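# Close look at the chain arrangement
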Amino acid sequence: MDVGREKYRPSKALRDLLRGRDICCRFPGCNRPAETSEIDHIDAWANGGHTSRTNTHLLCKRHQMFKHALGWQATYLADGSVNWRSPHGVVCIELPGSVTNVQNFDFEKEQTPMLPTVQLNDRVRKVLGWLEPVDGETG
């Protein structure tokens, strides 16, 4: 499936996996479907990036321009999400479109942060549905 540095173009198996995993453009907030998106190397092929499932994702033409011409940066994370950083330093994590439940993602796992992180307190966890209410509490 992964072709590494042997080929720029992904294999059919990798293209199929990306369509099934990403569902739509991986840029934050974009819902353009996979059929109108193109495969993009997260770390550019010209800079030594590999053609693999951990270094490719789907982006529509508009958001490829954001990445390549306007300075948006994407970093693939081990859980399959993509960490986006705007030219002004705003950070957003984009989950693959195939993810319907975030309980499988370990957001608090000890990692060496590449970008600034935010601590989630109990109130935020509760609002996100990640913390069960205490007996007698209504919200």
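What comes next is a walk through the structure. These numbers come from a predicted model, not from an experiment. (Residues numbered from 1 in each chain as written. Predicted model: local features only at pLDDT ≥ 70, side-chain atom pairs only at ≥ 80, totals over all residues. Heavy atoms only, no water.)

### Brief notes about the side chain of Thr 51
Among the secondary structure elements, Thr 51 is positioned in the loop between strand E1 (38-41) and strand E2 (56-59). The exposure class assigned to Thr 51 is buried, which follows from its relative accessible area of 0%. A polar contact of 3.1 Å, which involves the side chain of Thr 51, links it to the backbone oxygen of Tyr 8. Only 2.8 Å separates the side chain of Thr 51 from the side chain of His 41, close enough to count as a polar contact. If we ignore the near neighbours within four places in the chain, the residues touching Thr 51 are Asp 2, Val 3, Gly 4, Lys 7, Tyr 8, Arg 9, Pro 10, Leu 14, His 41, Trp 45 and Thr 56. (Helix = DSSP H or I, 4+ residues; strand = E, 2+ residues; numbered from the N terminus. Buried < 20%, exposed > 50% of the residue type's maximum accessible area, 1.4 Å probe, protein only. Polar contact = N/O pair within 3.5 Å; in protein donor to acceptor, adjacent residues only side chain to side chain. Contact = heavy atoms within 4.5 Å.)

### What to know about the layout of surface pockets
Its volume calculated, the second largest pocket comes out at about 270 Å³. Forming the walls of the second largest pocket are Tyr 8, Arg 9, Pro 10, Arg 15, Glu 38, Ile 39, Asp 40, His 41, Ala 44, Trp 45, Gln 64 and His 68. Listed by contribution, the elements that provide at least two residues to the lining of the second largest pocket are E1 and helix H2 (61-69). Element by element, the count of residues in the lining of the second largest pocket is highest for E1, at four residues. Along the lines of polarity and charge, the residues of the lining of the second largest pocket split into five nonpolar, three polar and four charged. (1 Å grid on protein atoms, 1.4 Å probe; cavity = no way out; pocket = protein on both sides within 12 Å on 5 of 7 lines; lining within 4 Å. Points joined across faces, edges and corners; volume = space filled by probe spheres on them. Nonpolar A, V, L, I, M, F, W, Y, C, P; charged D, E, K, R; others polar.)

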